[in-house]
Amino acid sequence: MGKLKRKPYDAALEALELDLVGMARWAAATGARICVLFEGRDTAGKGGAIGAVRHVLNPRQCRVVALSAPSEREQGEWYFQRYVPHLPARGEIVLFDRSWYNRAGVESVMGYATPEQVSAFLDQAPTFEKLLVDDGVLLFKYWLTCDQDKQEERLAERLEDPLKRWKLSPIDLAARDKYDAYTKAREAMLAATHTPHAPWTLVDFNDQRRGRLTLIRNLLDRLPDTDCEPQLLNFKPLDRKPAKEQFDVLRPIPHFEVD
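Sequence order as written defines the numbering, with residues in each chain counted from 1. Local features in a predicted model are, by the rule used here, given only for residues with pLDDT of at least 70; side-chain atom pairs are given and counted only at 80 or more, and totals for whole chains, interfaces and linings are based on all residues. Note that water and hydrogens are dropped before the side-chain values are worked out from all heavy atoms of the structure.

J.: Help me out: how do you make sense of the overall build of the protein chain in this one?
T.: Counting its secondary structure elements, the protein chain contains 9 helices and 5 strands. A run of H or I in DSSP becomes a helix once it reaches four residues, and a run of E becomes a strand once it reaches two; helices and strands are each numbered from the N terminus. In sequence order, the protein chain lays out its α and β elements as α-β-α-β-α-β-α-α-β-α-α-α-β-α. Summarising its shape, the C-alpha atoms of the protein chain cover approximately 70 × 50 × 45 Å along the three principal directions. With a 1.4 Å probe rolled over the protein chains alone, any residue whose accessible area is under 20% of its type maximum counts as buried; one over 50% counts as exposed, and the rest are partly exposed. For the protein chain, the proportion of its 259 residues judged to be buried stands at 41%. Whether two residues are in contact is decided by their heavy atoms, any of which lying within 4.5 Å being enough. Residue pairs at least 24 apart in sequence account for 78% of intrachain contacts in the protein chain once pairs closer than 6 positions are excluded. What sets the accessible areas is the Shrake-Rupley method with a 1.4 Å probe; for residues, cover comes only from the shown protein chains. A total of about 16,200 Å² of accessible surface is found on the protein chain, and carbon and sulfur atoms cover 54% of it. Just so you know, the count uses Lys and Arg for positive and Asp and Glu for negative, and it drops His and the chain ends. We put the charge of a Lys on NZ, of an Arg on CZ, of an Asp on CG and of a Glu on CD. Computed over 38 positive and 39 negative side-chain charges, the inter-centroid distance for the protein chain is 3 Å.

In structure tokens, the structure reads:
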């Protein structure tokens, strides 16, 4: 199967975007709380997948959570505590760009958490998630996979592209030598936290366009019937000729000139 071309990708994504808008309308109407976790290797495509989901959604309803490293105070809290304020309220959609599963992934592999802390997390995560699900949160956990040759290719692209250079950090480079360690950590995480109430879904992101379409379709298929007609609005014709802008105090700046 060859790499998906841009034109068929855009056409397929456009159809899914209509369903995503319907999902958001349904969530607003029913008060559903939707929480989606995006996990995976560095360069797998989490940011692009999140962007594809939220692109056509109201940012007041759909927000992205991408927490930085914990502060000194947060390091002294219950591990899950700093994630709780970011969980969705009534009618909200929250997309976690990495989540509490940092402890089972990067913190475990890079030595930022002790083996005892990782073991405690793996024991507690299913209980934490069951509390969320039992309270009505619709929780979806996705792990984005990619082979090491693709990871190397994308890391090199980030290094060479000034528009993507910000995505590359020393941690990303250090992770290059730990591909197998991340695999081992992922498998331990899945064995402990793939539960009936909060299952994991793995999506192949070696082709990121196919991966985005697959993930979005899977997310939509796992929701209840989200068919919800938009609110009827009375868009009457203006009762006068459309007005032009008038300026007294300031005028718009000159247009940017394109050769």
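J.: Can you walk me through the environment of Tyr101 in this structure?
T.: Along the chain, the position of Tyr101 falls in the loop between β3 (93-97) and α4 (106-109). The exposure class of Tyr101 is buried, given its relative accessible area of 2%. Distance in space between the C-alpha atoms of Tyr101 and Leu232 is 42 Å, their sequence separation being 131 residues. Aside from chain neighbours lying at most four places away, what touches Tyr101 is Leu37, Glu39, Phe121, Ala125, Glu129, Lys141, Met189, Thr193 and Trp200. Between N or O atoms, a polar contact is any pair within 3.5 Å; within protein, one atom must be a potential hydrogen donor and the other a potential acceptor, and residues adjacent in sequence are included only when both atoms are from side chains. Within polar-contact distance, the side chain of Tyr101 engages the side chain of Lys141 at 3.1 Å.

J.: Explanation requested: the packing of helix α5 (residues 115-134) against helix α8 (residues 179-193) in the structure shown.
T.: Geometrically, a packed helix pair is captured by the angle between its two axes and the distance between the axes. Only the stretch in contact is used when a helix axis is fitted, and all axes are lines through C-alpha atoms; the angle between N-to-C directions ranges over 0 to 180 degrees. One can describe the packing of α5 onto α8 by two numbers: an axis separation of 9 Å at closest approach and a directional angle of 45°. The pairing of α5 with α8 is recorded here as oblique in orientation. Read as a crossing pair, α5 and α8 show a hand that is right-handed. Between α5, through Leu122, Ala125, Pro126 and Glu129, and α8, the contact on the second element is made entirely by Ala188, Met189, Ala192 and Thr193. Angle categories: roughly parallel below 35 degrees, roughly antiparallel above 145, roughly perpendicular from 65 to 115, and oblique for all the rest. We call a crossing left-handed when the near helix sits turned anticlockwise from the far one by less than a right angle, and right-handed when that turn is clockwise.

J.: Help me out: how do you make sense of helix α2 (residues 46-54) in this one?
T.: Since the α-helix advances by 3.6 residues per turn, residues separated by three or four positions end up pointing in the same direction. All of the buried residues in α2 are Lys46, Ala49, Ile50, Ala52 and Val53. Buried residues of α2, viewed axially, fall in a sector of 160°; they line one side. In this structure, the buried residues of α2 make contact with α1 (6-30), β1 (33-40), β2 (62-65), β3, β4 (137-145) and α9 (208-221). Each direction from the helix axis to a C-beta atom contributes to the arc, which is the arc of those directions.

J.: Any chance you could explain the sheet that holds β1 here in plain terms?
T.: Backbone-to-backbone hydrogen bonds pair the strands of a sheet. The strands run either parallel or antiparallel. Taken in spatial order, the 5 strands line up as β2-β3-β1-β4-β5 in an open sheet, and their pairing is parallel. Pairing within the sheet leaves two strands with one partner each, and these edge strands are β2 and β5 (200-204). Pairs of neighbouring strands in the sheet enclose a mean axial angle of 20°, with direction left out of account. Should DSSP find at least two bridges between two strands, the strands are regarded as paired. Here β4 runs beside β5; their pairing, made up of 5 bridges, is parallel. If you follow Tyr142 over to β5, its bridge partner there is Thr201. Taken strand by strand, α1 contacts β1, β3 and β4, and its axis lies near 135° from that of β1. Relative to β5, α8 is tilted by about 145°, and along the sheet it contacts β4 and β5.

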